[in-house]
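Breakdown of the fold
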Amino acid sequence: MNLIDGKHLAKTIKEEIAEQVTAITSDGSRPPHLAAVLVGDDPASQSYVRNKVRSCEQVGFESSLIRKEADITESELLEIIDKLNADDAIDGFIVQLPLPKHINEERVTLAIDPKKDVDGFHPVNFGRMAQGLSCYLPATPFGILQMLDRYNIEVEGKECVVVGRSNIVGSPISILLSRKASPGNATITLCHSRTKDIAFHTRRADILIVALGRPEFITGDMVKEGVVVIDVGINRVDDETAKRGYRLRGDVHFDEVAAKASYITPVPGGVGPMTVTSLLMNTLKAYRKEVYG
Ligand code: GUN
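First, a word on what this report is: a plain description of the structure on this page. Remember, it's a predicted structure, so these values are computed and weren't measured experimentally.

This part takes up the side chain of Lys52. Note on placement: Lys52 falls in helix α2 (residues 43–59). Despite being buried, Lys52 has no salt bridge partner; Asp119 is the closest side chain of opposite charge, sitting 5.0 Å away. What Lys52 contacts, discounting residues up to four positions off in sequence, is Ile94, Gln96, Val276 and Leu279.

Right under this line is the structure:
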């Protein structure tokens, strides 16, 4: 079994980005600038956004964190987005999800200028991705592509089974891996909550990508020998013996599945760190106006 070490790979890619930032700023040009909007005090969201801001510092980007109380109105939030859209000093920005219930996430996502949508969540970027046009790829699928590519994992012609059909992971990674591209050219099966016999499909997988948010859902009996496993789940499972009162668990039962896998991502330290790297890569593209000219 080989571990796909997302933490290490993310560090390598960040070093590469940092070199590019040094080259940019060496002639006095300003560095790329990412802004993040965080609403409320959800602990997981706070931790993700802290990580994004820290990663900007590590590579030499400028970053702005805009924090708002959970009772902000939707129109106040939309005003902040309008300002960020119009601010030439900011190359890209994200609004951390989930948002409080009284705010319509769809309206918020649609308000972000696709040119600054470095999360790749706007339907314009999703549509461009689906048609193979230049776009900002959503962070998690982009991170998965990087992992497969940098670990030289053969994808072409493989049976790839994706579990979970979310707009931000399952659906886009299915589209990306079926594209005529590299990594791509795989045969995709997309499983979801209405799939009749998930294990029937997962046992056929050469590459198994799991993103459904159920701790240790995929067990050893559900995979074949030699499978490549990408575990996107990050679940907090209560554990009184843990320092913080919980442990992070993936959607895959690591010990059971690792015993049969040729490659597997750990949780934590697998896909998670790669998503932040994707965001930095998209911000660099935004700075260079590579996507929309
Ligand atoms: N919430 C969970 N993942 C993400 C992400 O990649 N971007 C944003 N904006 N919110 C998230």
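The ligand sits among Lys52, Val95, Gln96, Leu97, Asp119 and Phe121. Val95 is positioned such that a nitrogen or oxygen atom in its backbone is 2.8 Å from a nitrogen atom of the ligand. Within the backbone of Leu97, an N or O atom sits 2.9 Å from a nitrogen atom of the ligand. Relative to its unbound accessible area of 280 Å², the ligand is 79% covered by the protein chains. Its residues assigned to classes, the shell around the ligand comprises three nonpolar, one polar and two charged.

So, on to the nonpolar core. Inside soluble globular proteins, nonpolar side chains tend to come together where they are buried. By size, the foremost hydrophobic cluster in this structure holds 51 residues, and its most contacted members are Ile17, Phe61, Ile144, Leu177, Ile209, Ile230 and Val232. It is helix α10 (residues 271–287) that contributes the most residues to this core, eight residues altogether. Those residues in contact with Ile144 that sit more than four places away from it in its chain are Ile173, Ile209, Ile230, Val232 and Val271. If you look at the next biggest cluster of nonpolar residues, it comprises 18 residues, including Val161, Ala199, Met222 and Val223.

Turning to the pattern of salt bridges, a few remarks are in order. Inspection of the entire model under this criterion finds nine salt bridges. When the shortest N-O distance is used, the salt bridge between Lys224 and Asp206 registers 2.8 Å. Taken as a pair, Lys224 in the loop between β7 (207–210) and β8 (228–231) and Asp206 in the loop between α8 (198–202) and β7 lie far apart in primary sequence, 18 residues in all.

Another point: the packing of aromatic side chains. By the definition in use, this model includes two aromatic pairs. With a centroid separation of 6.2 Å and 50° between ring planes, the pair formed by Tyr136 and Tyr292 is classed as tilted. Placement of Tyr136 in the loop between α5 (123–130) and α6 (139–150) and of Tyr292 in the segment after α10 is noted, with a sequence separation of 156 residues between them. Judged by relative accessible area, which is 2%, Tyr136 ranks as buried. Using a relative accessible area of 24% as the deciding quantity, one classes Tyr292 as partly exposed. When the ring of Tyr151 is compared with that of Tyr263, the centres are 6.4 Å apart and the planes differ by 80°; the resulting orientation is edge-to-face. Of this pair, Tyr151 sits in the loop between α6 and β5 (159–163) while Tyr263 is found in strand β11 (residues 263–264), placing the two residues 112 residues apart along the sequence.

Between its first and last C-alpha, α6 extends 16 Å over 12 residues, near the 16 Å set by a 1.5 Å rise per residue. Buried positions along α6 lie against α1 (6–25), α7 (170–178), β7, β8 and α10. Positive phi appears at Asn152, one or two residues downstream of α6, with a value of about 50°.

Read from one edge to the other, the open sheet built from three strands follows the order β3-β2-β4, with strand pairing classed as parallel. Where the open sheet ends on each side, the last strands, each with one partner, are β3 (62–68) and β4 (92–95). For this sheet the average axis-to-axis angle between neighbouring strands, irrespective of direction, equals 15°. Across the face of the sheet, α2 comes into contact with β2 (33–39), β3 and β4 while running at roughly 160° to β3.

To continue, consider the pairing of β7. The side-chain alternation of β7 yields two buried faces, one formed by Ile207 and Ile209 and the other by Leu208 and Val210. Summarising the sheet, β7 and β8 pair through four bridges and their orientation is parallel. What sits directly across from Ile207, in β8, is Val228.

The rules we used
Residues numbered from 1 in each chain as written. Predicted model: local features only at pLDDT ≥ 70, side-chain atom pairs only at ≥ 80, totals over all residues. Heavy atoms only, no water. Helix = DSSP H or I, 4+ residues; strand = E, 2+ residues; numbered from the N terminus. Buried < 20%, exposed > 50% of the residue type's maximum accessible area, 1.4 Å probe, protein only. Lys, Arg positive; Asp, Glu negative; His and termini not counted. Salt bridge = Lys/Arg side-chain N within 4 Å of Asp/Glu carboxyl O. Contact = heavy atoms within 4.5 Å. Near = heavy atom within 4 Å. Polar contact = N/O pair within 3.5 Å; in protein donor to acceptor, adjacent residues only side chain to side chain. Areas by Shrake-Rupley, 256 points an atom, 1.4 Å probe, with all protein chains shown as cover. Nonpolar A, V, L, I, M, F, W, Y, C, P; charged D, E, K, R; others polar. Core = buried A, V, L, I, M, F, W, Y, C linked by side-chain atoms within 4.5 Å. Phe/Tyr/Trp six-rings, centres within 6.5 Å; stacked < 30°, edge-to-face > 60°. Expected span 1.5 Å × (residues − 1). Pairing = 2+ DSSP bridges. Axes fitted to C-alpha atoms, helices over the stretch in contact; angles between N-to-C directions.

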